[in-house]
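# Per-entry structural report
Chain by chain, the residues run as shown.
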Amino acid sequence: MRVLLASALGAQADTLAIREAFKEGWLKREAQTQFASLAFPTDLASIAEGASPKLFSHNMPLCLPDIDAMDAAGSSQKLGQDLRNHLEGHDTCILALGATDFFDRGVGMLRGLLQTEVGEDDKEQWCQSLNRASDMLSSLDLRVWCESELSLLQAGHAQAHHVSEETPTSSSGGYRNLEVWTEGWRKNRQLPVLENPRGSTLGSTLAYAPGTGMCGGASWLLNALGARLEPMAQGSLNDCVLDVSALGNEKNTSGFDLVIGFTHHLDAGGVWPSAMQTLYERYCASEALPFVVIAQECWLNREQIKSLGIDAYYQINNNRDDWVKRGITAAQTWFMEM
């Protein structure tokens, strides 16, 4: 029996530890099984690097800002500086943005782009800053590739504990007003009104848009200024599967009897479901192979799980003994099925 173990777990050390624990359990039950393994990249840099040859072939420059440097500074200002520098000599650009530990709603990005204060506490000055930024970006075909579909609203809730005491909060009125002012500015400029997918009338409609929570909310402000947001995982994972290997010197990754995917979460957006869907389409669909997913958390219902081509889903804790036990029970179940 040949089994493909595919992981979308991020850190290589974690991937190897979990994979080896599962294999150890499986081999206790079915010692003759042969395994092959592969890993999907789940960090933004690896995904962007894998996709970049396609972008360059279409003359679309890729800009990958230094997320770690911005996290250290607690601001998206460097993103604005990078974008300003890119404007010289380019009329197209793809920004690849991920999640951060800070949350400034793109105020820092706007400062870096305009090289001045932007009036986040004053409506008139804020709208003037948006006018200047819009004029600067008007000749640029700007796309923002988002690491996940995290919205501005979700990012605000998830990262609230990272905001420093010196940063204005929604209770101070400063940042809370930015969404309302920005939406009003868009209406005055007669820009297209984006529908709120959740049907709520509270706050800005853009705050609910998928991907607007990247880089501390800078993707939200860029979206308001006219940039197109695209979930990068959907379009690029097929081009950057990493670490394809098999037992011994064998490099054959076909002829499997079963495919098992490992992931942290199964949810409605982001890298992980895309990795599992890519895995199914590449290795299972054409051969009608059974597809099993093992995850620590699942936020999908049965129909959504089925739509990914998953035949069986198992949830498990982040504990080595649990992974060994899951290997034993999976071997018993699926070896008999075959």
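Since we're looking at a predicted model, the values are computed, not measured.

Cut-offs used in this document
Note on numbering: residues in each chain are counted from 1, in written sequence order. Where totals are concerned, whole chains, interfaces and linings use all residues; where local detail is concerned, this predicted model gives features only for residues with pLDDT of at least 70, and gives and counts side-chain atom pairs only at 80 or more. In computing side-chain properties, one takes all heavy atoms of the structure into account and sets aside hydrogens as well as water. Each helix is a run of H or I in the DSSP string that is no shorter than four residues. Each strand is a run of E no shorter than two, and both are numbered from the N terminus. Here's how the labels work: a residue is buried when its accessible area is under 20% of the maximum for its type, exposed when over 50%, partly exposed in between, all with a 1.4 Å probe on protein chains only. Note on contacts: a residue pair qualifies if any of its non-hydrogen atoms lie within 4.5 Å across the two residues. Accessible surface is estimated by sampling points in the Shrake-Rupley manner with a 1.4 Å probe; for residues, cover comes only from the protein chains shown. In this analysis, rings of Phe, Tyr and Trp, with Trp reduced to its six-membered ring, are considered paired at centre separations within 6.5 Å, and the interplanar angle assigns stacked below 30 degrees, edge-to-face beyond 60, and tilted for intermediate values. A pair is scored as a salt bridge if a Lys or Arg side-chain nitrogen falls within 4 Å of a carboxyl oxygen belonging to Asp or Glu. In this text, buried Ala, Val, Leu, Ile, Met, Phe, Trp, Tyr and Cys residues form a nonpolar core when linked through side-chain atoms within 4.5 Å. pLDDT expresses how confident the predictor is about each individual residue, on a scale running from 0 to 100. By definition, the arc is the one covered by directions from the helix axis to the C-beta atoms. For the charge count, each Lys or Arg is scored as positive and each Asp or Glu as negative, with His and the chain ends excluded. Counting of polar contacts relies on pairs of N or O atoms within 3.5 Å, with two restrictions inside protein: one atom must be capable of donating a hydrogen and the other of accepting it, and residues adjacent in sequence are counted only when both atoms are side-chain atoms. Fitted lines through C-alpha atoms serve as axes, helices being fitted only where they are in contact, and the angles separating the N-to-C directions of these axes extend from 0 to 180 degrees. Note that the term roughly parallel is reserved for angles under 35 degrees, roughly antiparallel for angles over 145, roughly perpendicular for angles of 65 to 115, and oblique for everything else. By the definition used in this description, the sense in which the near helix is turned from the far one sets the handedness, with an anticlockwise turn below a right angle giving left-handed and a clockwise turn giving right-handed. Any residue outside Ala, Val, Leu, Ile, Met, Phe, Trp, Tyr, Cys, Pro, Asp, Glu, Lys and Arg is labelled polar, Gly included; the first ten of those are nonpolar and the last four are charged.

### Describing the overall build of the protein chain
Of regular secondary structure, the protein chain possesses 13 helices and ten strands. Across the 338 residues that make up the protein chain, the buried fraction comes to 50%. Sequence separation of at least 24 residues holds for 74% of the intrachain contacts in the protein chain that already meet a minimum separation of 6. Surface accessibility of the protein chain: about 16100 Å² in total, with carbon and sulfur atoms responsible for 47%.

### Some points on the environment of Ile67
Its location among the elements puts Ile67 in helix α3 (residues 67–73). Put simply, Ile67 and Lys78 are eleven residues apart on the chain and 9.1 Å apart in space, counted from C-alpha to C-alpha. In contact with Ile67, not counting residues within four places along its chain, are Gly98, Ala99, Thr100 and Cys215.

### Details of the environment of Ala96
For Ala96, the position within the fold is in strand β4 (residues 92–97). Separated by 49 residues in the primary sequence, Ala96 and Trp145 place their C-alpha atoms 4.6 Å from one another.

### Here's the deal with the packing of aromatic side chains
For the structure shown, the criterion picks out six aromatic pairs. The rings of Phe22, Trp26, Phe35, Phe262 and Trp323 are connected pair by pair, giving a single aromatic cluster.

### Describing the pattern of salt bridges
Considering all chains together, one arrives at ten salt bridges under this definition. Residues Lys23 and Glu20 are paired through a salt bridge, measuring 3.4 Å at the closest nitrogen-oxygen approach. Here Lys23 pairs with Glu20, and both are found in helix α1 (residues 12–29), just three residues apart, close to one helical turn. For Asp82, the salt bridge is made with Lys78, and the minimal N-O distance between the two is 3.3 Å. Pair noted here: Asp82 and Lys78 are both in helix α4 (residues 77–86), with a separation of four residues, about one helical turn.

### Considering helix α5 (residues 107–114)
Most of α5 is tucked away: seven of the eight residues are buried. When we look at burial in α5, the residues that qualify are Val107, Gly108, Met109, Leu110, Gly112, Leu113 and Leu114. Looking one or two places after α5, you find Gln115, whose phi comes out positive at around 60 degrees.

### Here we look at the nonpolar core
Residues Leu79, Leu95, Trp126 and Leu222 are the most contacted members of the largest nonpolar core, which totals 44 residues. Among all residues touching Trp126, those that are not within four sequence positions of it are Val107, Leu110, Val118, Gly119, Glu120, Leu178, Trp181, Thr182 and Leu221.

### A short note on the confidence of the model for the protein chain
Summarising the model, the protein chain shows a mean pLDDT of 76, and 71% of its residues fall at 70 or more. Taken element by element, the predicted model of the protein chain shows its lowest mean pLDDT in strand β7 (residues 242–246) (35) and its highest in α5 (96).

### Describing α4
Residues spaced three or four apart along an α-helix face the same direction, because each turn holds 3.6 residues. Burial in α4 covers these residues: Leu79, Gly80, Leu83 and His86. Along the axis of α4, the buried residues cluster in a sector spanning 120 degrees; they form a single face.

### A closer look at the side chain of Asp104
Tracing the backbone through its elements, the reader meets Asp104 in the loop between β4 and α5. Here Asp104 is buried and forms no salt bridge, its nearest opposite-charge partner Arg111 lying at an N-O distance of 6.0 Å. A distance of 3.0 Å separates a polar atom in the side chain of Asp104 from the backbone nitrogen of Gly106.

### Considerations on unusual backbone geometry
Residue Arg105 is not a glycine yet carries a positive backbone phi of 55 degrees. Tracing the backbone shows Arg105 in the loop between β4 and α5. Judged by relative accessible area, which is 11%, Arg105 ranks as buried.

### Looking at the packing of α5 against helix α6 (residues 123–137)
Direction vectors running N to C along α5 and α6 enclose 60 degrees, while the axes themselves pass 10 Å from each other. With respect to α6, the element α5 is oriented oblique. Between α5 and α6 lies a crossing whose hand is left-handed. Contact with α5, carried on its side by Val107, Leu110, Leu113 and Leu114, involves Trp126, Ser129, Leu130, Arg132, Ala133, Met136 and Leu137 of α6 and no other residues of that element. Split into classes, the residues belonging to the contact of α5 with α6 amount to nine nonpolar, one polar and one charged.

### Here we look at the environment of Asn177
Its location among the elements puts Asn177 in helix α8 (residues 174–188). The sequence separation of Asn177 and Asp122 amounts to 55 residues, and the corresponding C-alpha distance is 9.3 Å.

### Digging into the packing of α4 against α5
Orientation of α4 relative to α5, taken along the N-to-C sense of each, is 35 degrees, at an axis distance of 6 Å. The way α4 lies across α5 gives a crossing that is right-handed. Between α4 and α5, the contacting residues are Gln77, Leu79, Gly80, Gln81, Leu83 and Arg84 on the first element and Gly108, Met109, Arg111, Gly112, Leu113 and Leu114 on the second. Its residues assigned to classes, the contact of α4 with α5 shows five nonpolar, five polar and two charged.

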